[in-house]
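Residue-level structural notes
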Amino acid sequence: MQIWIGADHAGVALKDRIRDMLEADHHQVTDQGAHTGESVDYPDFAASVAQGVSSGSAERGILVCGTGIGMSIAANKVSGVRAAVCHDLETVRLSRRHNQANVLALGARTLEPKLALSMVREWLRVGFEGGRHDRRVRKISSLER
Ligand code: RB5
């Protein structure tokens, strides 16, 4: 899968671990930074990854900040993006089954790294259920127009 990832200073260490895991799993990963712990602004990285997903260059995006909240708020401003901030395996599964999330936002300060890595793998594995959820997701898209 083509996956773009990004993080701010709070998320860079976890983002690097996610990138390494995804590459080991044979995904095509584009790392949009940040690459150091120097203080940066999360909307800049959310925008890069979200635009990759919106344009179709990326099939999925993964964003990491302190809580995942800022990244998800920013990414959801970009057309076609459904970013979900998730906290455990269940919210990850539901973000795919019900919401067809195409961007996953994670909190490096709120998640154990091992759980976060499991969440990423699960998020990539689980599919959209469609049906009544498809109607709801289309209603979300209609809010963009
Ligand atoms: C940065 O200190 C922090 O505000 C950011 O990583 C994120 O948690 C914002 O939602």
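Look above for the structure.
A short tour of the structure in this document, coming up.

What counts as what
- Residues numbered from 1 in each chain as written.
- Predicted model: local features only at pLDDT ≥ 70, side-chain atom pairs only at ≥ 80, totals over all residues.
- Heavy atoms only, no water.
- Helix = DSSP H or I, 4+ residues; strand = E, 2+ residues; numbered from the N terminus.
- Buried < 20%, exposed > 50% of the residue type's maximum accessible area, 1.4 Å probe, protein only.
- Near = heavy atom within 4 Å.
- Polar contact = N/O pair within 3.5 Å; in protein donor to acceptor, adjacent residues only side chain to side chain.
- Pairing = 2+ DSSP bridges.
- Axes fitted to C-alpha atoms, helices over the stretch in contact; angles between N-to-C directions.
- Contact = heavy atoms within 4.5 Å.
- Right-handed = clockwise from strand over helix to strand, strands pointing away.
- Salt bridge = Lys/Arg side-chain N within 4 Å of Asp/Glu carboxyl O.

In this chain, G33 is followed by A34 through a cis amide linkage whose omega measures 0°. Mapped onto the elements of the fold, A34 is located in the loop between β2 (28–31) and α2 (42–55). Positive phi is not limited to glycine here, since H26 has a value of about 70°. If you trace the backbone, H26 turns up in the loop between α1 (12–24) and β2. We classify H26 as exposed; its relative accessible area is 68%.

It is worth spelling out the site of the ligand at this point. All residues in the neighbourhood of the ligand are listed as D8, H9, A10, Y42, C65, G66, T67, G70 and R109. D8 is positioned such that a nitrogen or oxygen atom in its side chain is 2.6 Å from an oxygen atom of the ligand. R109 places a side-chain nitrogen or oxygen 3.3 Å from an oxygen atom of the ligand.

The next subject is the sheet that holds β2. The strand order β2-β1-β3-β5-β4 describes an open sheet built from five strands, whose pairing is parallel. Across the chains shown, the open sheet's two edge strands, defined by having one partner strand only, are β2 and β4 (83–85). In this sheet, adjacent strand axes meet at a mean angle of 20° when their direction is disregarded. As paired elements, strand β1 (residues 2–7) and strand β3 (residues 60–65) share five bridges and run parallel to each other. Its bridge partner lying in β3, I5 is registered against I62. Sitting on the sheet, α1 is in contact with β1, β2, β3 and β5 (103–107), with an inclination near 165° to β1. Relative to the sheet, helix α5 (residues 113–125) contacts β1, β3 and β5, its axis offset from that of β5 by approximately 170°.

Quick look at the environment of D31 now. On the secondary structure map, D31 appears in strand β2. Sequence separation of D31 and V49 is 18 residues, and the distance between their C-alpha atoms is 8.9 Å. If we skip the residues at most four places from it in the chain, D31 touches I5, K15, D16 and R19. For D31, the side chain forms a polar contact with the side chain of K15, separated by 3.0 Å. A distance of 2.7 Å separates a polar atom in the side chain of D31 from a polar atom in the side chain of R19.

A separate point is the pairing of β2. A one-sided burial pattern is seen for β2, the buried positions being V29 and D31 and the unburied ones Q28 and T30. In terms of strand pairing, β1 meets β2 through four bridges, oriented parallel. Looking at the pairing, I5 lines up with D31 of β2. A crossover connection joins β1 to the parallel β2 through α1; in handedness this β-α-β unit is right-handed.

As a further point, take the pattern of salt bridges. Tallying each qualifying case throughout the model produces ten salt bridges. Between K15 and D31 there is a salt bridge, with the nearest N and O atoms lying 3.0 Å from each other. Taken together, the residues span a long stretch of sequence, with K15 in helix α1 and D31 in strand β2 at a distance of 16 residues. Taking relative accessible area as the criterion, K15 reaches 1% and is therefore assigned buried. Here D134 and R138 are joined by a salt bridge, their closest N and O atoms 3.2 Å apart. Placement of both D134 and R138 in helix α6 (residues 132–142) is noted, with a separation of four residues, approximately one turn of the helix.

None of this, on its own, says anything about what the molecule does.
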